[in-house]
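Observations on the model geometry
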Amino acid sequence: MSSILFIVDDLGKGGAEKVTADLANTLADLGHSVTLAVLNGSKDTQAIKSHVQYIDLNISPSFAFGKLWKAKKLSPIEENRIEQLINQQRYDLIILGFHNGYYLGHYLKQTQNVWYWIHGELLEYRPSANIFKRIKENIRQIKHQAKFKRLFHQKNLITVNQDLKLKYQSLLPNSQIRHIANGVSITQKNMTSSLDKIWDVIFVGRLVAIKQIDHAITAFAQSGLKGRMAIVGEGPQKQELMALVQKLNIEDRVDFLGWADDPYPYIQQSKALILTSYYESFGLVLAESLCLGTPVIAYHCSQGVKDILSYQEDMKSFLIDANNCEQLSTQLYRCVNHPYAILEETKNQLSIQHTAQQFLALI
């Protein structure tokens, strides 16, 4: 069996953190020796099994949680901690994860089979109608691309979709890049067959602009559906979205349920899940919903999302042209009233066990 080390910022509430914890647990279940080190554990919420060795490196918050492209340097005490806890061990595979964990590569003595796991777009472009903001954004892009090239030059990278692989390969011709899709950990204990369908459609995620939740709400209002919509999540757009619901005169049919540590029961109690993001590197919630037996409908906002909705021929028509709200509302009605069956083969392809086998192939 192999010895595997993961190093990530923390095990907080994000999708990358959840996938990392699930993968570490799964590999340990398979009998491998798994160590999971966090830069700083103050934000941890994910559950780690007892047979996964957990290490809190207790790195300063400015390093562990600061912005990605700001200079990162460990103190002498922190370097000694890395030396004692990490460098004195030998691993068959080291995974540096999202996203300040990448900077620990500089401090590792082991250089063989070290991989940088990139969960999302690190060079996100922020469009603007203002010409001065566009100029500023273009300058920011040039600076960040230069830092990106320095950080990942001649490194091994893992991306969660083919879009990112192709983009980063063009920037890093001397780096090795693999595409491994995220997997989800859905077991029978997550499933509750007795749950009734309360909502026609559900949105799960942060209430922020990039998620374009106003599109989901508008599509629901225009779809002709007579049932209810659930919105699970919190964020700065909540009041704005509540005002939109009131404007569309559907406030008695939309439930803002807030943040949920476990959204799975809500997904199971819905007839369909909707994703309307401007960009989504993978769309983990889509995979979770399908594995829970709830059909999904989504904007074609990345290759990762397209891949998920391409496992079955009857799912492809529910991949909606980006920002086409009219098509979204029409297909939402169809998805709710004529749902497609989700095959076991699809669930297996989306499972964390499938992802684990691809990571083991790196050894």
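These numbers were taken from a predicted model, which means no experiment stands behind them.

Conventions we followed
Residues numbered from 1 in each chain as written. Predicted model: local features only at pLDDT ≥ 70, side-chain atom pairs only at ≥ 80, totals over all residues. Heavy atoms only, no water. Helix = DSSP H or I, 4+ residues; strand = E, 2+ residues; numbered from the N terminus. Buried < 20%, exposed > 50% of the residue type's maximum accessible area, 1.4 Å probe, protein only. Contact = heavy atoms within 4.5 Å. Lys, Arg positive; Asp, Glu negative; His and termini not counted. Charge placed at Lys NZ, Arg CZ, Asp CG, Glu CD. Polar contact = N/O pair within 3.5 Å; in protein donor to acceptor, adjacent residues only side chain to side chain. Salt bridge = Lys/Arg side-chain N within 4 Å of Asp/Glu carboxyl O. Pairing = 2+ DSSP bridges. Axes fitted to C-alpha atoms, helices over the stretch in contact; angles between N-to-C directions. Core = buried A, V, L, I, M, F, W, Y, C linked by side-chain atoms within 4.5 Å. Patch = residues over 30% accessible without salt bridge, like charges linked within 9 Å, V, L, I, M, F, W, Y side chains within 5 Å. Areas by Shrake-Rupley, 256 points an atom, 1.4 Å probe, with all protein chains shown as cover. Arc of directions from axis to C-beta. Phe/Tyr/Trp six-rings, centres within 6.5 Å; stacked < 30°, edge-to-face > 60°. Right-handed = clockwise from strand over helix to strand, strands pointing away.

1. Re the overall build of the chain
In terms of regular secondary structure, the chain is built from 13 helices and 13 strands. When the backbone C-alpha atoms are referred to their principal axes, the chain occupies close to 60 × 55 × 35 Å. The buried share of the chain, reckoned over its 363 residues, is 54%. Looking at the chain alone, contacts between residues at least 24 apart form 65% of all its contacts between residues at least 6 apart. Placing the 38 positive and 34 negative side-chain charges of the chain at their respective mean positions leaves the two points 8 Å apart.

2. Brief notes about the environment of K18
By the element assignment, K18 lies in helix 1 (residues 15–29). Distance from K18 to A47, taken between C-alpha atoms, is 8.8 Å for residues 29 residues apart in sequence. Non-local contacts of K18, meaning those with residues more than four positions away in its chain, are made with Q46, Y264 and E288. Of note is the side chain of K18, whose polar atom sits 3.3 Å from the side chain of Y264.

3. Observations concerning the pattern of salt bridges
Taken as a whole, this structure holds 12 salt bridges when the rule is applied. Put simply, E280 and K211 hold a salt bridge, and the shortest N to O gap is 3.0 Å. Of this pair, E280 sits in the loop between strand 11 (270–275) and helix 9 (284–291) while K211 is found in the loop between strand 8 (199–204) and helix 6 (213–222), placing the two residues 69 residues apart along the sequence. Each member of the pair E280 and K211 is classed as buried. The network of salt bridges with shared partners includes K18, D22 and E288.

4. Comments concerning the sheet that holds strand 9 (residues 229–232)
Taking strand neighbours across the sheet as the criterion, the six strands line up as 10-9-8-11-12-13 in an open arrangement whose pairing is parallel. Each edge of the sheet is formed by a strand with only one pairing partner; in this case those strands are strand 10 (254–258) and strand 13 (319–320). The pairing of strand 11 with strand 12 (residues 296–299) spans three bridges and is parallel. When the bridges of strand 12 are listed, L273 appears paired with V296. With respect to the sheet, helix 6 is in contact with strand 8, strand 9, strand 10, strand 11 and strand 12, its orientation differing from that of strand 9 by roughly 170 degrees.

5. Quick word on the nonpolar core
By size, the foremost hydrophobic cluster in this structure holds 120 residues, and its most contacted members are F6, F152 and M229. Among all residues touching F6, those that are not within four sequence positions of it are T20, L23, A24, L27, V34, T35, L36, A37, I95 and W117.

6. A closer look at a nonpolar patch on the surface
Residues I131, F132, I135 and I139 make up a contiguous nonpolar surface patch of about 420 Å² in total accessible area. When you line up the elements, I139 lands in helix 4 (residues 131–152). Here I139 falls in the partly exposed class, since its relative accessible area comes to 43%.

7. Description of the sheet that holds strand 3 (residues 52–56)
Sheet architecture is open: seven strands sit in the order 3-2-1-4-5-6-7, paired in parallel fashion. For this open sheet the edge positions go to strand 3 and strand 7 (176–179), each flanked by a neighbour on one side alone. Pairs of neighbouring strands in the sheet enclose a mean axial angle of 20 degrees, with direction left out of account. Two strands pair when backbone bridges link them, and strand 6 (residues 156–159) and strand 7 are joined in this way by four bridges, in the parallel orientation.

8. A short note on helix 3 (residues 76–87)
Quick reminder: α-helices carry 3.6 residues per turn. Residues three or four places apart thus point the same way. Of the residues making up helix 3, those classed as buried are E78, I82, I86 and N87. Across the axial projection of helix 3, the buried residues extend over an arc of 105 degrees, all falling on one side. Away from its buried face by more than 90 degrees, helix 3 exposes P76 and I77. Next to the buried residues of helix 3 lie strand 1 (3–8), strand 2 (33–38) and strand 3.

9. Quick look at helix 6
Of all 10 residues in helix 6, seven are buried; the element is thus mostly enclosed. Residues of helix 6 that are buried: I213, H215, A216, I217, T218, A219 and F220. Following helix 6 by one or two positions, G224 adopts a phi angle in the positive range, close to 90 degrees.

10. Details of the packing of aromatic side chains
Throughout the structure, instances matching the rule amount to 10 aromatic pairs. Taking 6.0 Å as the distance between ring centres and 65 degrees as the angle between the ring planes, the aromatic pair formed by W199 and Y266 counts as edge-to-face. One end of the pair, W199, is in strand 8; the other, Y266, is in helix 8 (residues 264–268), and 67 residues separate them in sequence. Judged by relative accessible area, W199 falls into the buried class, the value being 6%. Consider the rings of F318 and Y340, whose centres lie 5.4 Å apart with planes at 40 degrees: the pair is tilted.

11. Quick look at the pairing of strand 12
Residues of strand 12 alternate between two faces, with V296 and A298 on one and I297 and Y299 on the opposite face, all of them buried. In terms of handedness, the path from strand 11 via helix 9 over to strand 12 forms a crossover that is right-handed. As paired strands, strand 12 and strand 13 are joined by two bridges and run parallel to one another. Bridging from a neighbouring strand, Y299 pairs with I320 of strand 13. The β-α-β motif built from strand 12, the intervening helix 10 (residues 303–308) and the parallel element strand 13 has right-handed crossover chirality.

Remember, this is a structural readout, not a statement about activity or role.
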